Each structure stands twice: as C-alpha cells, then as structure tokens.
Amino acid sequence: MKLKPALYMVLISIALSVPIMPQSDVHLFQGFLKEASVSSAPFVSGYLINHGKGLLNTCDYNLHTGYPLSKSLEARISFGPGGLGKYSTFKTDAALSGIYNVVNSGYLVSAGAFVTLPLSANVEPTNEGYGIFGSLKKPLTEKISLTADAGIDVRNQSAIFKALFASAGAVIKANEKLAVIAEGQFWAEDANTLMISSGADYKLLPGISLRGVLGFNLLDTGEDLRALFGASYSF
C-alpha cells in the first residue's frame, strides 16, 4: 500500500490558505453520523456524489438529516447509495445514529451507536451492520475547532467481521458566510482506507447553505476520488 503524500499536502495547503475566524455550527462530511456536537435545530441536506477509481465516473445521491431530541441528544440518518465515508456506501442503505453529549465544558465529548440497514433487493443482507463510537470537539482557539472520533463497526457477514475506524479534522471559519471543513478518516479492515477531504459550507440565505467537498483515498485500495455537492436547510 502506497501513500499519496502530494494529495495530502494539497488539501492541507487549501485549508491553511484560508483566513480563519471563530467557528460556527457547521456539520462534518465524513464524520456526519458521529460528530460530537448536537445540532441547535433540525436540518436536512441533499447531495449529488461523483466517485470512482482514477476518475470520477459514477454518480449517486445521498440525504443527511438530523433531529435534536434534547440539548444533549440527537438522532441522525444518512440515506442513499453514496456517502463520503464508509457509511451508506451500498445501494439504498439507511444508516441511523444516536449521539449523546456526555461532557460540555469548554469542549465536547460524546458517545453513540449506529446501525446500517440495506433497504433494497439489490443489496445483500450481509451488509447490515452496527457499531459504537466516541467523539470529541475542542475549540483550539476562537479561530478553529478540532474534531476527532474512534469506534468499531461490526458487519453481519458469514463470519462476524469487525472494522476499527478513527478520524480527525478541523472546522475553520473564513468569514460570516464561509467555513472550511478538513477531515481525515482511517478504516482498519481487510482493505484499509485512508480518506482525506477538504470541503466548504457557504451560507447562501438564513438557514440555507451550499456545501461541497473533495475527498482522496491515500491508500491504493478501493476508489481514489469522491466529489460531493449539495445544499443544507435548517428548520
């Protein structure tokens, strides 16, 4: 397995070249189902996704939605055949997660669980899965917030299959309308993947944001590139 350090340096350069200001409530892309923060209001996001090996040659869709049940508890759903991370990578999967905020004192610590359900006849039942995770969000300064999570994914295949995952990222506020989201996510399994991404969230109107991200797999396994573009609406 060979890393692709040039791609990594390009994404870091993009993120660091943006002038940074205090971070606002902006959702992650890869870490959407397991980020530490609980949303202040229900939201829904829709995306078109292009991905492939070498070139972006396959088009899919994905729907994200979240509903805060209290100030410390939120339910989230990812639905569709495409997602930037490992969740919802099968046809018409629904991935459901629950996020519970355990610590909120200068930084956020949360714990949660998720389940992945294939809903189409074209999807093998063995792709059903579940897992647990812990996540952290820490304002480094007023200019940037750091995020991290780790957990385990269990797939109900012929033999129980387990995958460990961990990710880290940063949310950077460029101005009152634009935020930059940089993420890296590693999955330890039969075909290890290390997906890094650089994305943006632009507030077009109150409650409405345009969102997009470009991701690279730095290991010579699976697809190389993913590009996602869509919009998000907060109620």
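Residues numbered from 1 in each chain as written. Predicted model: local features only at pLDDT ≥ 70, side-chain atom pairs only at ≥ 80, totals over all residues. Heavy atoms only, no water.

Caption draft 1: Structural view of the overall build of the protein. Looking only at helices and strands, one finds 1 helix and 12 strands in the protein. Listing the helices and strands of the protein from first to last along the sequence gives α-β-β-β-β-β-β-β-β-β-β-β-β. Taking all 235 residues of the protein together, the buried fraction comes to 46%. Restricting the contact set of the protein to residue pairs at least 6 apart, pairs at least 24 apart contribute 51%. Put simply, the protein shows about 11200 Å² of open surface, and 67% of that area lies on carbon and sulfur atoms. (Helix = DSSP H or I, 4+ residues; strand = E, 2+ residues; numbered from the N terminus. Buried < 20%, exposed > 50% of the residue type's maximum accessible area, 1.4 Å probe, protein only. Contact = heavy atoms within 4.5 Å. Areas by Shrake-Rupley, 256 points an atom, 1.4 Å probe, with all protein chains shown as cover.)

Caption draft 2: Structural view of the pairing of strand β3 (residues 73-80). Side-chain alternation along β3 places E74, R76, S78 and G80 on a buried face and L73, A75, I77 and F79 on a face that remains uncovered. Here strand β2 (residues 58-68) runs beside β3; their pairing, made up of 6 bridges, is antiparallel. Counterpart to H64 in the pairing with β3 is S78. Turn length for the β2-β3 hairpin, with the two strands adjacent in sequence and antiparallel, is 4 residues. Note: β3 against strand β4 (residues 93-104), 8 bridges, orientation antiparallel. Each bridged residue has a counterpart across the sheet, and for G80 the counterpart in β4 is D93. (Pairing = 2+ DSSP bridges.)

Caption draft 3: Spatial organisation of the nonpolar core. Among the nonpolar cores identified, the biggest contains 10 residues, and these are V26, L28, F29, Y47, I49, V171, A179, I181, V213 and L228. When contributions to this core are tallied by element, the ones reaching two or more residues are β1 (43-52) and β9 (178-188). Residues contacting V26, with those up to four places away along its chain left out, are E35, V171, A179, I181, D201 and R211. Ranked by size, the runner-up nonpolar core spans 6 residues in total, among them F114, F133, A163 and W187. (Core = buried A, V, L, I, M, F, W, Y, C linked by side-chain atoms within 4.5 Å.)

Caption draft 4: Region of interest: the pattern of salt bridges. Considering all chains together, one arrives at 4 salt bridges under this definition. The partner of R76 in a salt bridge is E74, with the nearest N and O atoms 3.1 Å apart. Assessed through its relative accessible area of 1%, R76 is described here as buried. Between R211 and D201 there is a salt bridge, with its nearest N and O atoms 2.8 Å apart. Residue R211 is found in strand β11 (residues 208-217), and its partner D201 is found in strand β10 (residues 193-205); the two are separated by 10 residues along the sequence. By relative accessible area, R211 is classed as buried at 2%. We classify D201 as buried; its relative accessible area is 6%. Beyond isolated ion pairs, a larger network of salt bridges with shared partners links E35, E74 and R76. (Salt bridge = Lys/Arg side-chain N within 4 Å of Asp/Glu carboxyl O.)

Caption draft 5: Up close: the pairing of β2. Two strands pair when backbone bridges link them, and β1 and β2 are joined in this way by 9 bridges, in the antiparallel orientation. Across the sheet, residue S45 finds its bridge partner in β2, namely H64.

Caption draft 6: Seen up close, a nonpolar patch on the surface. A surface patch of nonpolar side chains, amounting to about 510 Å² of accessible area, comprises Y67, L69, L73, Y100 and V102. Within the element layout of this structure, Y100 appears in strand β4. (Patch = residues over 30% accessible without salt bridge, like charges linked within 9 Å, V, L, I, M, F, W, Y side chains within 5 Å.)

Caption draft 7: Expanded view of the packing of aromatic side chains. Counted according to the given criterion, the structure contains 6 aromatic pairs. Taken together, a centroid distance of 6.2 Å and an interplanar angle of 55° make the contact between F114 and F165 tilted. Of this pair, F114 sits in strand β5 (residues 108-118) while F165 is found in strand β8 (residues 161-173), placing the two residues 51 residues apart along the sequence. Here F114 and F165 have matching classes, each one buried. What links up through ring pairs into an aromatic cluster is the set F114, F133, F165 and W187. The lysine or arginine in question, R211, covers the ring of F29, its NZ or CZ lying 4.1 Å from the ring centre. (Phe/Tyr/Trp six-rings, centres within 6.5 Å; stacked < 30°, edge-to-face > 60°. Lys NZ or Arg CZ within 6 Å of the ring centre and 35° of its normal.)

Caption draft 8: Spotlight on the side chain of S197. As for its position among the elements, S197 is in strand β10. Engagement of the side chain of S197 in a polar contact is seen with the side chain of Q30, the distance being 3.1 Å. (Polar contact = N/O pair within 3.5 Å; in protein donor to acceptor, adjacent residues only side chain to side chain.)

Caption draft 9: Just the side chain of N101, in detail. One can find N101 in strand β4. Within polar-contact distance, the side chain of N101 engages the side chain of S110 at 3.3 Å.

Caption draft 10: Up close: the environment of I172. Relative to the helices and strands, I172 is located in strand β8. In this structure, the C-alpha to C-alpha distance between I172 and A200, residues 28 residues apart in sequence, is 9.3 Å.

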